[in-house]
There are 4 protein chains.
Amino acid sequence: MKPDPARLNLDAYPFTVEVPTRFADVDPLRHLNNVRLAEIYEEGRVRLHLAMAVEGAREKGSRTVIAQLTVRYLAEGFYPATLLAGGGVSRIGGSSYEIAQGLFQDGRCIGTCDTVLVYTREGRSAPLPETLRTQLRPYQLRA
Amino acid sequence: MKPDPARLNLDAYPFTVEVPTRFADVDPLRHLNNVRLAEIYEEGRVRLHLAMAVEGAREKGSRTVIAQLTVRYLAEGFYPATLLAGGGVSRIGGSSYEIAQGLFQDGRCIGTCDTVLVYTREGRSAPLPETLRTQLRPYQLRA
Amino acid sequence: MKPDPARLNLDAYPFTVEVPTRFADVDPLRHLNNVRLAEIYEEGRVRLHLAMAVEGAREKGSRTVIAQLTVRYLAEGFYPATLLAGGGVSRIGGSSYEIAQGLFQDGRCIGTCDTVLVYTREGRSAPLPETLRTQLRPYQLRA
Amino acid sequence: MKPDPARLNLDAYPFTVEVPTRFADVDPLRHLNNVRLAEIYEEGRVRLHLAMAVEGAREKGSRTVIAQLTVRYLAEGFYPATLLAGGGVSRIGGSSYEIAQGLFQDGRCIGTCDTVLVYTREGRSAPLPETLRTQLRPYQLRA
């Protein structure tokens, strides 16, 4: 259940984006809410995909969908300090790939997220096109 | 990675709550957004905890925190149909327990969620008190 | 600045929808958050428009956009009690119309909302078609 | 209904904060959602209050609550461009004050927001203490 220690280091991630916290992220326990942290991981993933510019690499009519999301909560996060969301590609499979993320606040890793994305055509999983593989490779997690 | 088939049946869950979808749950792909589905699982968990009335069963100064959340997306969900969130206790451990959930729309299971909750005192994990165990047991997942 | 006293009565509104509160609606002040109340008013407006089925009444290529939103906060709202969102048409103008809403919890009006919607074609305000007027009229606020 | 033209200029506001848009701010119409814009105005107001450090200036047991919120939507906003939220104090009254805001994207004002805040003690409106007035004055809207 514990995350790989390598994942707790911002240097592990080839891509980083700053995500300022919002007051709306805070819940009645006065910390960053678990669900809103999932929103911030979503933001990190979308920005990573924009950076990889993988959209052009996908076939017309294809759709990449989230099959599974696993979030580990390692420490509380607070408002108003900014978050750093590190991200990278942790697996390139036959018809799916995985994104690994780490969330950092004040130099401390407060959680990790692993997302399985499935490439689909006409509603069924389909092989990742070579163009897409080519774009994912430079963003693989550093060993 | 596939969920246990038993989890795809609403009857598996000892507790059910109706959660109407909101327009705000819909994203640019015109389906229920992944993060908003996590919000709906949160709602199901909070309602389950209110039903179990476990709050009284926890010691003063204790705090139950989410350590891990795993969401599986099995089918798209849509607005404005209502969701049924089934939930139950899938594991009672030494200092943690797990909640298993299934989300249903129009009779179909659109996803499952597994949450690991850790019981803590003074910021460290602590044994689940017997009073809490007693309240969790009647809500265990049906075999 | 005070709302019309008639607006504080659920009977004033020709349309009503139940909106259960969610834990995610609660903020660090432990009441229903102002912005999340705006989300609930949005939900009431969308459900009212679905009930009026005005969509068919609008011309192809037209778009109805929100120009102004005014929310009055009259009392705190709380979780987990359900909200009742009353709504109706308070004005039918040349190229715009207004929706009046009231939000009720435990029999008490906790706020009102007034929304100005502008009918546009090709990005400019345009006259409301007669078909649309015909559908709005039965939902006018009761005097 | 139209906002004062002076309000469309970022220079009018003594305080400015950058708020990056999030994918979660986008709705099925593929623009920034009206309610999420309200969340961003909330963020601008909270950051303005943190900058004014008015919290110390308020009496123990007092509470400042939002009585009214008026949002004008002037143009669509989009993802992923950043927003600039300008804000200032537009009125200092006996027991209330008002915050005026403007939201800017790519050099264009996409909307304004006016918020009436009431100072309360023991659940009733109460005179603004002189310490609070002193802190609000330097943040008044530029004429």
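So, a few notes on the structure that sits alongside this text.

## Points about the packing of helix 1 (residues 34-52) of chain A against helix 1 (residues 34-52) of chain B
Inference 1: Between helix 1 of chain A and helix 1 of chain B, the least distance of the axes is 9 Å, while the angle of their chain directions is 170°. Considering their axes alone, helix 1 of chain A and helix 1 of chain B lie roughly antiparallel with respect to each other. In this structure, the crossing between helix 1 of chain A and helix 1 of chain B has a hand that is right-handed. Residue-level inspection shows A:N34, A:V35, A:A38, A:E39 and A:E42 of helix 1 of chain A in contact with helix 1 of chain B, the latter providing B:N34, B:V35, B:A38, B:E39 and B:E42.
Inference 2: For the contact of helix 1 of chain A with helix 1 of chain B, the residue count by class is 4 nonpolar, 2 polar and 4 charged.

## Some remarks on the relation of the copies chain D and chain C
Inference 1: Once chain D is rotated about the relating axis by 180° and shifted along it by 0.0 Å, it coincides with chain C to within an RMSD of 0.0 Å. Both copies of the chain, as the preceding transformation shows, are related through a two-fold rotation axis. When C-alpha positions in chain D are compared against the rotation axis, the closest is assigned to D:T70, at 2.2 Å.
Inference 2: Of the interface residues in chain D, 100% have counterparts in chain C that sit at the interface too, so the contact is made through matching surfaces.

## Things to note about the relation of the copies chain D and chain A
Inference 1: Overlay of chain D on chain A (RMSD 0.0 Å): rotation 180°, translation along the axis 0.0 Å.
Inference 2: The fraction of interface residues of chain D whose copies in chain A are also interface residues reaches 100%, indicating that both copies meet through the same surface.

## Considering helix 1 of chain B
Inference 1: With 19 residues, helix 1 of chain B ought to run about 27 Å at 1.5 Å a step, and its terminal C-alpha atoms sit 27 Å apart, in line with that.
Inference 2: The buried count for helix 1 of chain B comes to 14 of 19 residues, which makes it a mostly enclosed element.

## Focus on the interface of chain D and chain C
Inference 1: Taken together, the contact pairs 14 residues of chain D with 15 residues of chain C.
Inference 2: Those elements that place two or more of their residues in the side of chain D that touches chain C are helix 1 (34-52) and strand 2 (62-73) of chain D.
Inference 3: Of the residues belonging to the side of chain D that touches chain C, the class tally is 8 nonpolar, 3 polar and 3 charged.
Inference 4: Here 5 bridges tie strand 2 (residues 62-73) of chain C to strand 2 of chain D, and the two strands are oriented antiparallel to one another. Bridged to C:R72 within strand 2 of chain D is D:Q68.

Reading guide: rules and limits
- By convention here, each chain's residues receive numbers from 1 onward along its written sequence.
- Each chain is given a letter, starting from A, and each ligand a number, starting from 1, according to the order in which they appear as written.
- Per-residue local features of the predicted model are confined to residues with pLDDT of at least 70, and side-chain atom pairs are confined, for both listing and counting, to 80 or more; whole-chain, interface and lining totals are unaffected and use all residues.
- Comment: axis = line fitted to C-alpha atoms, over the contacting stretch for helices; angle = value between 0 and 180 degrees taken between N-to-C directions.
- Counting from the N terminus, the helices are DSSP H or I runs at least four residues long and the strands are E runs at least two residues long.
- Each angle gets one of four labels, with under 35 degrees taken as roughly parallel, over 145 as roughly antiparallel, 65 to 115 as roughly perpendicular, and the rest as oblique.
- By convention, the crossing between two helices is left-handed when the near helix turns anticlockwise from the far helix through less than a right angle, and right-handed when the turn is clockwise.
- Whether two residues are in contact depends on their C-beta atoms, placed from the backbone: they are in contact if these lie within 7 Å.
- Under this grouping Gly is polar, as are all residues other than the nonpolar Ala, Val, Leu, Ile, Met, Phe, Trp, Tyr, Cys and Pro and the charged Asp, Glu, Lys and Arg.
- The atoms used to superpose the copies are C-alpha atoms, taken from residues with pLDDT of at least 70 in both, and the fit is least squares.
- For a helix, the expected span equals 1.5 Å multiplied by the number of residues minus one.
- Exposure is read from a count of other C-beta atoms within 10 Å of each residue's own; the residue is exposed at 12 or fewer, buried at 20 or more and partly exposed in between. C-beta atoms are placed from the backbone.
- Think of it this way: DSSP has to see at least two bridges between two strands before they count as a pair.

That is the geometry; function is a separate question.
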